[in-house]
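Reading the structure
Here is what each chain is made of, one letter per residue.
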Amino acid sequence: MSASLPYVLILYYSRHGATCAMAERLAAGVESVRGVEARLRTVPPVSPTCEAVDPEIPEEGAIYASLDDLRHCAGLAIGSPTRFGNMAAPLKHFLDGTSELWLGGALIDRPATAFTSTSSLHGGQEATLLTMLVPLLHHGMVYAGLPYSETELMATTGGGTPYGASHLAGKRSDRPLDDEERSLAHAQGRRLARLALALAAMREESA
Ligand SMILES: Cc1cc2nc3c(=O)[nH]c(=O)nc-3n(C[C@H](O)[C@H](O)[C@H](O)COP(=O)(O)O)c2cc1C
């Protein structure tokens with residue numbers, strides 16, 4: 001991994017692995033674009049007691065995101081399980097700690113997208129994606145969903161929406177990503193990477 005390449009931050013929370021599997025597909029899509037890399041980061045769970053602390057480095061999987069991971073990203077994909085039609089608290093908790101970046105306008109004109117997983121087909125995927133978009137707009141980011149030129153959007157019988165990739169994990173949260181869901185998550189990562197490069201060039205031009 002080269003330190004000098006721009007990166008797309010794929011920031012996600014996943015309790016049972018479905019959102020993590022999506023994050024990995026988005027990362028593959030990002031890395032299919034020359035000149036940009038994917039940086040996978042997660043966030044720690046939140047605890048009902050503020051005395052409880054988690055190790056700084058998780059036992060497995062992606063490491064925890066820092067503010068600097070976000071500050072310097074060329075693009076951002078955020079992913080969360082749907083929880084009552086909204087993102088999960090750990091991700092919201094992380095975003096609630098980003099005022100410093102908001103005050104400095106660090107994320108203005110950077111592309112962003114969102115992805116989610118649900119247990120039930122009509123359990124709020126679009127609602128979650130739209131609610132996840134709101135803080136990104138406050139940060140001045142440019143939101144990119146999925147266009148219908150991705151033909152799987154019409155064919156899917158699981159997840160996949162124009163607001164972003166999604167996944168139907170099923171009642172026991174154990175249904176793997178199907179072909180359409182995999183393809184759409186990959187396309188979303190690829191699109192975000194291309195937009196990240198284009199907007200980086202635009203920012204440089206106007207600097
Ligand atoms: C507190 C809570 C709320 C949830 N709310 C919803 C919901 O509104 N709709 C839905 O379909 N699934 C809901 N789920 C199920 C998760 O979205 C689903 O299991 C998801 O695939 C988990 O993703 P993960 O494997 O990345 O943790 C909820 C789960 C929890 C724990």
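Since the structure is predicted, the reported quantities are computational estimates derived from the model, not experimental observations. (Residues numbered from 1 in each chain as written. Predicted model: local features only at pLDDT ≥ 70, side-chain atom pairs only at ≥ 80, totals over all residues.)

Describing the overall build of the protein chain
A count of helical and extended segments in the protein chain gives 7 helices and 6 strands. Reading the protein chain from its N terminus to its C terminus gives the helix and strand order β-α-β-α-β-α-α-β-α-β-α-β-α. Its C-alpha radius of gyration of 16 Å places the protein chain within 12% of the 17 Å reference for a compact globule of 207 residues. Across its three principal directions, the C-alpha atoms of the protein chain cover 50 × 50 × 30 Å. Counting only residues that meet the buried cut, the protein chain has 41% of its 207 residues in that class. If you take every contact in the protein chain between residues at least 6 apart in sequence, the share linking residues at least 24 apart comes to 74%. (Helix = DSSP H or I, 4+ residues; strand = E, 2+ residues; numbered from the N terminus. Rg over C-alpha atoms; globule rule 2.2 N^0.38 Å. Buried ≥ 20, exposed ≤ 12 C-beta atoms within 10 Å, placed from the backbone. Contact = placed C-beta atoms within 7 Å.)

A closer look at the nonpolar core
Core analysis: the biggest nonpolar cluster contains 51 residues, and Val 8, Ile 10, Leu 26 and Leu 76 have the highest contact counts within it. Residue assignment for this core shows that the elements contributing at least two residues are strand E1 (7-12), helix H1 (18-31), strand E2 (37-42), strand E3 (75-81), helix H3 (89-96), strand E4 (111-118), helix H5 (125-138) and helix H7 (179-206). Considering every element that reaches this core, the biggest residue donor is H7, with 7 residues. Leave out the neighbours within four places in its chain, and Ile 10 touches Ala 23, Leu 26, Ala 27, Ala 38, Arg 39, Leu 40 and Ala 77. (Core = buried A, V, L, I, M, F, W, Y, C linked by C-beta atoms within 7 Å.)

Remarks on the pairing of E3
The element E3 is largely enclosed, with a buried count of 7 among its 7 residues. Alternating positions in E3 separate into two faces, Gly 75, Ala 77, Gly 79 and Pro 81 on one and Leu 76, Ile 78 and Ser 80 on the other, with burial throughout. The pairing of E1 with E3 spans 5 bridges and is parallel. Note on E3: the bridge partner recorded for Ile 10 is Ala 77. (Pairing = 2+ DSSP bridges.)

Here's the deal with the site of the ligand
Around the ligand, a shell composed of 20 residues is seen, among which His 16, Thr 19, Pro 81, Thr 118 and Gly 123 lie nearest. It is H1 that contributes the most residues to the shell around the ligand, 3 residues altogether. For the shell around the ligand, the per-class residue count stands at 5 nonpolar, 13 polar and 2 charged. (Near = placed C-beta within 6 Å. Nonpolar A, V, L, I, M, F, W, Y, C, P; charged D, E, K, R; others polar.)

Re the pairing of E1
A large share of E1 lies buried, amounting to 6 of its 6 residues. Here E1 shows a buried face lined by Tyr 7, Leu 9 and Leu 11 and a second buried face lined by Val 8, Ile 10 and Tyr 12. Here 6 bridges tie E1 to E2, and the two strands are oriented parallel to one another. Within E2, the residue paired with Tyr 12 across the bridge is Thr 42. Crossover connection from E1 via H1 to parallel E2: handedness right-handed. (Right-handed = clockwise from strand over helix to strand, strands pointing away.)

Some details on the environment of Leu 197
Tracing the chain through its elements places Leu 197 in helix H7. Assessed through the 18 C-beta atoms surrounding it within 10 Å, Leu 197 is described here as partly exposed. Sequence separation between Leu 197 and Ile 10 is 187 residues; the distance between their C-alpha atoms is 16 Å. The residues touching Leu 197, leaving out its near neighbours within four places in the chain, are Gly 35 and Val 36.

Brief notes about the packing of H1 against H7
Two elements in contact, H1 and H7, have axes separated by 6 Å at closest approach and are oriented at 45°. Considering the angle they form, H1 stands oblique to H7. In this structure, the crossing between H1 and H7 has a hand that is right-handed. Counted together, Met 22, Arg 25, Leu 26, Ala 27, Ala 28, Gly 29 and Val 30 of H1 and Arg 182, Ala 185, His 186, Ala 187, Gln 188, Gly 189, Arg 190, Leu 192 and Ala 193 of H7 form the full contact between these two elements. Classifying every residue of the contact of H1 with H7 by side-chain character gives 9 nonpolar, 4 polar and 3 charged. (Axes fitted to C-alpha atoms, helices over the stretch in contact; angles between N-to-C directions. Parallel < 35°, antiparallel > 145°, perpendicular 65-115°, else oblique. Left-handed = near helix turned anticlockwise from the far one by under 90°.)

By themselves, these figures tell us nothing about what the structure is for.
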